[in-house]
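Survey of secondary and tertiary structure
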Amino acid sequence: MTSIEELLRLHPFLRGLPGEIVVLVAGCAKNVVFQPNGFVFREGGDADSFYLVRHGTVALESFVPGRGPISFLTVKSGEILGADWLVPPYRWSFDARAVELTRAIAFDGKCLRDKCEADPRVGYELMKRFVPPLVERLRTARLQSLDLLDDPKRPRK
Amino acid sequence: MIQSARESENGTDRSAPDPMVPRFLRVRRRIREATDVVSLEIGSDEAGAPVPGFRPGQFNMLYAFGVGEIPISVSGDPSTTSSITHTVRAVGPVSAALAELRPGDSVGVRGPFGTCWPVDEAAGYDVLVVASGIGLVPLRPVLYHLLRYREAHGRVALLYGARTPRDLLYRRELDVWRRTPNLQVRVTLSRAGPEWVGDVGYVTGLLPKVRFTPTDTIAMVCGPEPMIRSTARELESIGLPATQIFVSLERNMKCAIGFCGHCQLGPNFICKDGPVFRYDRVRDPMAVREL
Amino acid sequence: MTGGSARSGAPIATITVDGLQLVLQALRRGGFRTLGPTIRDQAIVYDDIGGVDDLPRGWTDEQDGGRYRLARRTDGSLFGYSVGPHSWKRFLHPPRSRLWQAERGPDGVRLVPEDLPAERLAFIGVRACEVRAIAIQDRVFLEGPHRDPHYELRRTRTLIVAVNCGTAGGTCFCVSMNAGPKVEKGFDLALTELLEEDRHDFLVEVGSAQGRSLLEEVPHRPATPRDLEAARAVVARTAASMGREMASDDLHGLLGRNLEHPRWDEVATRCLSCANCTMVCPTCFCTTVEDTTDPSGNHAERWRRWDSCFTLDFSYIHGGSVRATARSRYRQWMTHKLATWIDQFGTSGCVGCGRCITWCPVGIDITEEVRAIRGSASATERST
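Everything quoted here is computed from the prediction, not taken from an experiment.

**Some details on the overall build of chain A**
- Per the secondary structure count, chain A includes four helices and eight strands.
- Reading chain A from its N end, one meets helices and strands in the order α-α-β-β-β-β-β-β-β-β-α-α.
- On the principal axes, the C-alpha backbone points of chain A span a range of 60 × 30 × 30 Å.
- Per-residue burial over chain A gives 41% buried out of 157 residues.
- Expressed as a percentage of contacts within chain A between residues at least 6 apart in sequence, the contacts between residues at least 24 apart total 73%.
- Total accessible area on chain A is roughly 8,700 Å²; 57% of this is exposed by carbon and sulfur atoms.

**Description of the environment of C:Asp61**
Residue and element names in this part refer to chain C.
- Here Asp 61 lies in strand 5 (residues 59-64).
- Its relative accessible area of 8% is what places Asp 61 among the buried residues.
- For the pair formed by Asp 61 and Ala 43, sequence separation is 18 residues and the distance between their alpha carbons is 8.3 Å.
- Looking at Asp 61, its side chain comes within polar contact range of the side chain of Gln 63, at 3.2 Å.
- In terms of polar contacts, Asp 61 uses its side chain to reach the backbone amide nitrogen of Ser 82, at 3.0 Å.

**Concerning the packing of aromatic side chains**
- If you walk through the whole model with that rule in mind, you get 32 aromatic pairs over all chains.
- Site record: aromatic cluster; members linked through ring pairs are B:Phe259, B:Phe269, C:Phe141, C:Tyr151, C:Phe285, C:Trp341 and C:Phe345.
- One cation-aromatic arrangement involves C:Arg96 over C:Trp303; the distance from NZ or CZ to the ring centre is 4.4 Å.

**Looking at the state of the cysteines**
- Overall, the coordinates contain one disulfide over all chains when judged by the stated rule.
- Between the sulfur atoms of A:Cys28 and its disulfide mate A:Cys111 the distance is 1.9 Å. Disulfide A:Cys28-A:Cys111: torsion about the S-S bond near -70°, hence left-handed. Here the residue A:Cys28 occupies a position in the loop between helix 2 (19-26) and strand 1 (29-34), and A:Cys111 occupies one in helix 3 (residues 109-118), the gap between them amounting to 83 residues.
- The thiol of B:Cys116 is not disulfide-bonded; the next cysteine sulfur, from B:Cys222, is found 14 Å away.
- Free of any disulfide, B:Cys260 has its nearest cysteine sulfur in B:Cys255, 3.6 Å distant.
- Residue classification places B:Cys260 among the buried residues on the basis of a relative accessible area of 3%.

**A short note on the pairing of strand 13 (residues 199-206) of chain C**
Residue and element names in this part refer to chain C.
- Counting buried residues in strand 13 gives seven out of eight residues, a clear majority hidden from the surface.
- Two strands pair when backbone bridges link them, and strand 12 (residues 189-196) and strand 13 are joined in this way by eight bridges, in the antiparallel orientation. Bridged to Thr 192 within strand 13 is Leu 203.
- Counting the residues in the hairpin turn of strand 12 and strand 13 gives two residues.

**Examining the sheet that holds strand 4 (residues 43-48) of chain C**
All names here are of chain C.
- Here eight strands make up an open sheet; going across it, the order is 4-3-9-10-12-13-2-14 and the pairing mixed. Two strands in the sheet have a free side with no partner beyond their single neighbour: strand 4 and strand 14 (221-222).
- As paired elements, strand 2 (residues 12-16) and strand 13 share five bridges and run antiparallel to each other. Residue pairing across strands places Thr 16 opposite Asp 201, the latter belonging to strand 13.

**Regarding helix 4 (residues 149-156) of chain C**
Residue and element names in this part refer to chain C.
- Within helix 4, six of the eight residues are buried, leaving the element largely enclosed by the surrounding structure.
- Looking only at helix 4, the buried set comprises Pro 149, His 150, Tyr 151, Leu 153, Arg 154 and Arg 155.
- Those residues of helix 4 that are buried are in contact with helix 2 (89-92), strand 7 (96-105), helix 3 (128-142) and strand 10 (158-164).
- Here helix 4 starts with a cap whose side-chain oxygen sits 2.9 Å from the backbone nitrogen of His 150, and that cap is Asp 148.

**Observations regarding the pattern of salt bridges**
- Under the defined criterion, the tally for this structure stands at 64 salt bridges over all chains.
- As a salt-bridge pair, A:Glu20 and A:Arg121 come within 2.8 Å of each other at their nearest N and O atoms. Taken together, the positions of A:Glu20 in helix 2 and A:Arg121 in helix 4 (residues 120-145) put the pair 101 residues apart, joining distant regions of the chain.
- Put simply, C:Glu196 and C:Arg226 hold a salt bridge, and the shortest N to O gap is 3.4 Å. Of this pair, C:Glu196 sits in strand 12 while C:Arg226 sits in helix 6 (residues 225-239), placing them 30 residues apart in sequence.

**Things to note about the packing of helix 3 of chain C against helix 4 of chain C**
Residues and elements named next belong to chain C.
- Close contact between helix 3 and helix 4 brings their axes to 9 Å; oriented N to C, the two are set at 140°. In terms of axis orientation, helix 3 runs oblique to helix 4. Judged by the twist between their axes, the crossing of helix 3 over helix 4 is left-handed. Listed contacts from helix 4 to Ile 134, Gln 137, Asp 138, Phe 141 and Leu 142 of helix 3 are Tyr 151, Glu 152 and Arg 155.
- A per-class count over the contact of helix 3 with helix 4 returns four nonpolar, one polar and three charged.

**Some thoughts on the nonpolar core**
- Among the nonpolar cores identified, the biggest contains 81 residues, and B:Leu128, B:Val221, B:Val247, B:Leu249 and C:Phe123 are the most heavily contacted of them.
- In this view, C:Phe123 contacts C:Leu35, C:Trp88, C:Phe91, C:Leu92, C:Ile134, C:Thr158, C:Leu159, C:Ile160 and C:Val161; residues no more than four positions away in its chain are not counted.
- Residues A:Leu17, A:Val25, A:Trp92 and A:Ala106 belong to the second largest nonpolar core, which totals 39 residues.

**What to know about helix 2 (residues 140-148) of chain B**
- Among the nine residues that make up helix 2 of chain B, seven are buried, leaving the element largely enclosed by the rest of the structure.
- Those residues of helix 2 of chain B that are buried are in contact with strand 2 (37-43), strand 5 (83-89), strand 7 (126-132), strand 8 (156-162), helix 3 (171-178) and strand 11 (217-222) of chain B.

**Structural notes on the environment of B:Ser248**
Residue and element names in this part refer to chain B.
- Mapped onto the elements of the fold, Ser 248 is located in strand 12 (residues 245-248).
- For the pair Ser 248 and Cys 222, spaced 26 residues apart in the sequence, the C-alpha separation amounts to 5.5 Å.
- Those residues within four positions of Ser 248 in sequence are excluded, and the remaining contacts are Trp 117, Val 221, Cys 222, Ile 228, Pro 275 and Val 276.

**Details of the packing of helix 10 (residues 326-345) of chain C against helix 12 (residues 366-375) of chain C**
All names here are of chain C.
- As a packed pair, helix 10 and helix 12 sit with axes 12 Å apart at the nearest point and diverge in direction by 90°. With respect to each other, helix 10 and helix 12 are oriented roughly perpendicular. The residues of helix 12 that touch helix 10, namely those facing Tyr 330, Trp 333, Met 334 and Leu 338, are Ile 366, Glu 369, Val 370 and Ile 373.
- Taken together, the residues of the contact of helix 10 with helix 12 sort by class into seven nonpolar, no polar and one charged.

**Let's talk about the sheet that holds strand 4 (residues 57-64) of chain A**
All names here are of chain A.
- Here we have four strands laid out as an open sheet, ordered 2-7-4-5, and antiparallel in their pairing. Looking at which strands have only one partner, the edges of the open sheet turn out to be strand 2 (39-41) and strand 5 (68-76). The sheet shows a mean angle of 35° between the axes of neighbouring strands, taken without regard to direction.
- Relative to strand 5, strand 4 runs antiparallel, the two sharing eight bridges. Across the sheet, the residue bridging to Ala 59 is Thr 74, located in strand 5.

**A word on the interface of chain C and chain B**
- Taken together, the contact between chain C and chain B spans 69 residues of the former and 50 residues of the latter.
- Across the chain C to chain B interface the summed buried area is about 4,700 Å²; carbon plus sulfur atoms make up 57%.
- Counting across the chain C and chain B interface gives one salt bridge.
- Sort the elements by how many residues they give to the side of chain C that touches chain B and helix 10 of chain C lands first, with eight residues.
- A breakdown of the residues in the side of chain C that touches chain B according to their chemical character gives 27 nonpolar, 22 polar and 20 charged.

**Notes on the environment of B:Ala122**
- Turning to its location among the elements, B:Ala122 is positioned in the loop between strand 6 (106-113) and strand 7.
- Beyond its immediate chain neighbours, meaning those up to four positions away, B:Ala122 contacts B:Val127, B:Ala152, B:His153, B:Ile218 and B:Met220.

**Focus on the pairing of strand 12 of chain C**
Residue and element names in this part refer to chain C.
- With six of eight residues buried, strand 12 lies mostly within the body of the structure.
- Where strand 10 and strand 12 come together, four bridges link them in parallel fashion. What sits directly across from Ala 162, in strand 12, is Ala 190.

Rules and cut-offs
- Residues numbered from 1 in each chain as written.
- Chains lettered and ligands numbered in written order.
- Predicted model: local features only at pLDDT ≥ 70, side-chain atom pairs only at ≥ 80, totals over all residues.
- Heavy atoms only, no water.
- Helix = DSSP H or I, 4+ residues; strand = E, 2+ residues; numbered from the N terminus.
- Buried < 20%, exposed > 50% of the residue type's maximum accessible area, 1.4 Å probe, protein only.
- Contact = heavy atoms within 4.5 Å.
- Areas by Shrake-Rupley, 256 points an atom, 1.4 Å probe, with all protein chains shown as cover.
- Polar contact = N/O pair within 3.5 Å; in protein donor to acceptor, adjacent residues only side chain to side chain.
- Phe/Tyr/Trp six-rings, centres within 6.5 Å; stacked < 30°, edge-to-face > 60°.
- Lys NZ or Arg CZ within 6 Å of the ring centre and 35° of its normal.
- Disulfide = S-S within 2.5 Å.
- Pairing = 2+ DSSP bridges.
- Salt bridge = Lys/Arg side-chain N within 4 Å of Asp/Glu carboxyl O.
- Axes fitted to C-alpha atoms, helices over the stretch in contact; angles between N-to-C directions.
- Parallel < 35°, antiparallel > 145°, perpendicular 65-115°, else oblique.
- Left-handed = near helix turned anticlockwise from the far one by under 90°.
- Nonpolar A, V, L, I, M, F, W, Y, C, P; charged D, E, K, R; others polar.
- Core = buried A, V, L, I, M, F, W, Y, C linked by side-chain atoms within 4.5 Å.
- Buried area = accessible area lost by both parts, 1.4 Å probe.

Below you can see the structure in the form of structure tokens.
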């Protein structure tokens, strides 16, 4: 059976991470699986985990009474899930629902934060990897919010 | 001898008003606020039937003759007694019919119903009013009240988010409020063209731009439910307890008096336990999908 | 309001079957419309009855999930069945009623309020669960911040002749809801049918001044210890033969903690959202309002009619329904009936009459649903 360290070494998110740091963060990690339609986390809950998706798809959603759950992003194999665990007060801003059977590596958020705090080199190596996907998501969220695919019959601007 | 039906007949008691019967008043003024959004200033009819008073946050059931009746928040100044103003967004047949009414037209009014914003309890506190889109409608009476009794409160701030410049409501009042000393007003849009020189972004992004002491602040929040949830979360994260956050919710209503059953959210009837709720009471029901 | 309780010291008497006939005649002489159980369309329903002959003498019902049949008894019992598809709410809280009319003319709108109901109603054969259900609806319509004047007037003009059940129904569970089978209060007269080899008469308890006056109009004799013992035995036998049982311990907490239990998904695969349960339930009170107009557009009416939380547009706002799935609608009905009703009105909304089980086309059993949620080892909290 592949150890958690092996799985971490294989995951694209941690590519190039020095071996001893992989071992270190593996101490905060475990294997998890989510059934189709199971929730990975719920809006308002304690944001105490960070996930590396290995296989499957997770939809980030907000529920609107009368319109139902609206998904604005899907996170797939090789991608990271969860940003609220980085920022106090560590509460999830949205629902995350596994669209299909999803396997992931879950990190205990506090464990990771503590390790970053204890060793700035570890912190920087991880942040270097977190920031680009988060910036990318921010960038594309802006484009999404421009609603460029508006109904031409509706008044513009 | 048991009393016969005739012997024991009580006269029908008409002194207690039937809460399902509207009074008919007249539209005095019609103001176009934005596309599909109209304010109706409603006054007495010729018989002089008094215009109902209201507290900020309450609503009336407005009846468009022969079409139907829907709950509409009162949006005017609570200290005005000769008329009562409602702001309607035309999204269905009844609201469209109401939005088409012209001065002189009759309109049925039942109410006022519901709980009100804690404007009296906010004495001595900083007050934060956070509105998104049509959510500014039930909050405008709060602004009128706060400005009338300004010395009763600490710092007062209005944060208002709308979608585009064309969606801004109450533009005249916004200008007046922006120029009012002792009142912080920040307005943001989701998107805008170059003619807009103000903020663009989400309404919670305005929080760092106004001054208030979170532990001594009462917040009043209204807008789409995801906005209410995220605003409340944001306020709690900066130290505003849930017992000092108030929100206004809406659900389907047919009677507004707790009999039809349509407006329930968990144990709460939006019509009589709300529409204004202290957030700690509704936070859990709001988190359950399709409750 | 009519109806008191059988306080100790209140007279307890017996009357014969002829005496019951005289009770009905006295009521009709007094201007009451006498309503009671009678057979129609192969069911025992509540309708106008002229006399004892209109009662389903010698009939019983066989009830189970999604099943209702009438069957012949071997005796001539007048009340030897449980409850059918009707409940007394159809008279106190009618399925359709006009609230007002209005005329629009050049001078404005003139409103014509509805006359308040003038009829006096006598309900004959009201079971303990039904007396409780009426009290529950009284809380809704009379004890909140608003009062329903139509309900109030009908209610004050209603006289209740209750009957303590001699036969428990196949879906009955009033015992576990603490709502029967013996009527404790809220009645004018309460009868217990005593049918043995050598007798067929009724024990009569008086519950109000109006009940006492009524009893005094018919021949009656004081109840003997034998009469009282016979009546107690009837009630005890009924209580011991309930068709169902509700595990009712802290339902409020149980359901409140299990709003995302997988059982809701399971029952949603069976529930048709047909709304039968809400129509037959004696406490369900939801209504909708219909505003209509005539072709000229100048004559408008407002009507109120029964509605059900099972309809898709019950919770419609902003272009969609909040409860868009059958799962959420079934959950709403059951958690309201058994749990949030307590927050709202101080009592459970369920009286254990079993109608929802009998009249569900697929036989969904509210007691079984509770058992399934309670019994599941990992009764899940809100987030998985």
